[in-house]
Amino acid sequence: MNLHPDYLLNDINEPQDLKQLNLTQLQQLATEMRQLVLERDSAIGGHVGPNLGIMEVTLAFHYVFDSPHDKVIWDVSHQSYPHKMLTGRKLGFLDPDHYGDVTGFTAPEESDHDFFEIGHTSTSVALAVGMAQARDMRGKQENLVAVIGDGSLSGGLAFEGLNNAAKLHSNLIIVVNDNQNSIAPNQGGLYEGLAELRKTAGQSANNLFKFMGLDYRYVADGNDLATMIETFRAVKDIDHPIVLHVVTQKGAGYAPAEAAPERYHWRAPFDLTSGEDRQAAPQESYSAAIIDELLQQVEAGVPIAAITAGIPGAFDLHRFEKQYPAHYFDVGIAEQMSVTSAVAMAQAGIRPVVFESSTFLQRAYDQLVHDMALNSVPVVMIVRGGTISAGSATHQGSFDISYLSSLPNIEYLAPTSVEEMLSMLRWAISQTEVPVVIRQPEKAVLHRPATQTDYSNIDYEIAHQGSEVAVMAVGDFWTLGEEVVAQLKRKLNIDASLINPKSLTNIDREDLHYLQEQHDLVVTLEDGNLSGGFGEMIARYFGATNIKTLNFGAPREFADNVPAEVLAEWYHLTPEQIVDDIERVLHSM
């Protein structure tokens with residue numbers, strides 16, 4: 001169902017087709033493609049501002065260069081929608097019935113014009129350097145273009161890439177797409193230098209890129225197609241690395257996105273005319289409850305510091321920033337900095353609360369190990385997105401239990417309700433012994449009282465005492481546990497026990513010991529990767545006993561844009577499947 005049969009894009013099957021168009025036609029194509037980005041994102045959600053802003057850069061690249069012989073590597077690759085439209089995947093934007101055919105990030109399995117699956121920042125220059133080195137070793141001739149946003153420059157890997165790019169004596173074109181934003185506003189002294197370069201049209205002596213040994217060219221209007229074509233023609237086949245500092249407007253061509261770049265970085269489905277979300281926000285949220293608690297703590301005199309790595313909107317942190325700006329620290333897209341600076345704050349007597357996304361936190365794994373766990377300082381961390389996700393393979397949040405629970409000196413808590421989460425948060429802030437991480441629930445807000453206020457020693461909540469089967473439901477899977485216990489009663493007449501473990505890293509040995517007296521099977525339910533997860537810890541405990549264990553969660557794989565209900569079927573996470581599996585195990589005993 002092509003809604004736009006008259007669009008020029010219908011005749012563009014490969015980048016070579018662009019070369020037959022004149023400038024006016026190319027500009028018309030840019031307008032069409034912007035409309036398609038908006039229609040698709042408003043229908044199914046997606047990155048709005050990054051794709052609108054990069055339109056002319058993309059068209060100019062494919063007009064001048066010869067992809068895939070000449071290669072472009074997109075940092076994060078969330079701005080690759082125009083690139084996809086021009087490289088054989090236009091149906092995923094022209095036809096609503098095919099919106100799901102293409103992912104929101106580059107995907108080599110989709111096209112020969114994509115080279116990596118990328119979803120995190122700061123990677124493109126390092127990848128391009130590696131490709132350039134491989135090209136040179138093979139004696140090949142091809143242009144390599146790395147596109148990196150100014151927001152991505154705050155990540156350490158970007159500097160490592162630039163530093164090594166300067167050692168090349170061959171072709172490498174680095175496009176710094178400077179739209180004066182990351183997800184949220186840019187943070188740090190680097191951006192004062194970029195502002196000075198913009199103010200002086202690239203003439204300032206305060207030039208980071210030249211300082212690192214790179215050639216440099218400034219482009220004042222990257223949304224002017226003729227300018228970008230001329231610029232790329234001038235550097236095509238260049239024999240050394242060069243930075244093209246290209247100024248663009250995030251959200252260009254759509255006034256709401258231009259006016260609110262953070263809101264329109266990524267949007268859930270929205271009304272294209274009004275800009276409002278198609279689905280109303282819930283009346284209450286876990287994030288709002290956390291911010292309310294932190295505000296009360298500061299008001300009571302606790303030296304709270306709230307730290308985020310460039311994603312304040314995900315945690316309602318702008319509200320905290322507005323009320324206590326001196327207590328708020330956005331380090332930019334730099335998860336390593338967020339963790340290590342929090343360690344230093346905690347050592348100095350401040351109570352840092354670090355807000356992290358599960359998929360982005362893995363970028364700071366060394367800091368979790370060497371700085372936070374090794375020093376065992378009382379950092380408090382809130383992790384969002386820790387769930388079996390229906391999103392892209394680049395943004396899976398199911399690995400946090402595995403990589404955090406493998407570390408000593410860290411208490412990882414999984415609340416089942418808002419009351420339990422706040423009880424854990426208050427304890428985490430008050431204690432001074434260990435780093436405490438709290439896995440913020442992702443499902444609808446649940447209310448049930450906390451049964452513990454001091455989590456120094458974990459005391460399992462036996463919500464229902466039964467026999468034969470014990471169901472241990474972690475965090476967000478609490479409601480699933482209740483459903484399983486109810487179905488066991490109805491279908492098999494088994495009065496199963498239901499247990500809230502609370503902790504993903506420490507166990508209640510006393511309760512686990514007494515489970516053996518009246519139970520034959522222990523079932524664990526966790527919203528995450530099974531390999532190295534909570535269930536494996538319980539299975540190890542019971543390994544030398546007669547009790548059998550059955551673990552439910554996600555297998556060790558990258559799911560990629562699979563609907564949540566399909567994943568639940570694949571992973572045997574519906575109550576019916578879990579009960580059937582329990583029945584089979586019991587019959588085999």
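All of the points below concern the structure found in this document. (Residues numbered from 1 in each chain as written. Predicted model: local features only at pLDDT ≥ 70, side-chain atom pairs only at ≥ 80, totals over all residues. Heavy atoms only, no water.)

### Thoughts on the overall build of the chain
Consideration 1: Along the backbone of the chain there are 23 helices and 18 strands.
Consideration 2: In terms of overall size, the chain behaves like a compact globule, its C-alpha atoms giving a radius of gyration of 26 Å where 589 residues would be expected to give roughly 25 Å.
Consideration 3: If one aligns the C-alpha atoms of the chain with their principal axes, the spans along those axes are about 80 × 55 × 50 Å.
Consideration 4: By the burial criterion, 58% of the 589 residues in the chain qualify as buried.
Consideration 5: Sequence separation of 24 or more characterises 76% of the internal contacts of the chain that already satisfy a separation of 6 or more.
Consideration 6: Put simply, the chain shows about 23400 Å² of open surface, and 51% of that area lies on carbon and sulfur atoms.
Consideration 7: Measuring between centres, the 39 positive side-chain charges of the chain sit 4 Å from its 78 negative side-chain charges. (Helix = DSSP H or I, 4+ residues; strand = E, 2+ residues; numbered from the N terminus. Rg over C-alpha atoms; globule rule 2.2 N^0.38 Å. Buried < 20%, exposed > 50% of the residue type's maximum accessible area, 1.4 Å probe, protein only. Contact = heavy atoms within 4.5 Å. Areas by Shrake-Rupley, 256 points an atom, 1.4 Å probe, with all protein chains shown as cover. Lys, Arg positive; Asp, Glu negative; His and termini not counted. Charge placed at Lys NZ, Arg CZ, Asp CG, Glu CD.)

### Topic: the sheet that holds strand β8 (residues 304-308)
Consideration 1: With respect to topology, 6 strands assemble into an open sheet ordered β9-β8-β10-β11-β13-β12, the strand pairing being parallel. Sheet topology places β9 (328-330) and β12 (411-413) at the edges, where each strand pairs with a single neighbour. Averaged over all neighbouring strand pairs, the angle between strand axes comes to 20°, with direction disregarded.
Consideration 2: As judged from the 3 bridges shared by β8 and β9, these two strands associate in the parallel manner. (Pairing = 2+ DSSP bridges. Axes fitted to C-alpha atoms, helices over the stretch in contact; angles between N-to-C directions.)

### Here we look at the nonpolar core
Consideration 1: If you look at the biggest cluster of nonpolar residues, it comprises 77 residues, and the most contacted ones within it are F320 and F355.
Consideration 2: Looking at this core element by element, the count peaks at 8 residues for helix α18 (residues 418-430).
Consideration 3: When we break this core down by domain, the ones giving at least three residues each are domain 2 (286-439) and domain 3 (461-587).
Consideration 4: With residues near it in sequence (within four places) discarded, F320 still touches I291, L294, L295, V298, I304, A306, P325, H327 and Y328.
Consideration 5: Grouped together as the second largest cluster of nonpolar side chains are 50 residues, I12, L52, L86 and I229 included. (Core = buried A, V, L, I, M, F, W, Y, C linked by side-chain atoms within 4.5 Å. Domains from an automatic or database assignment.)

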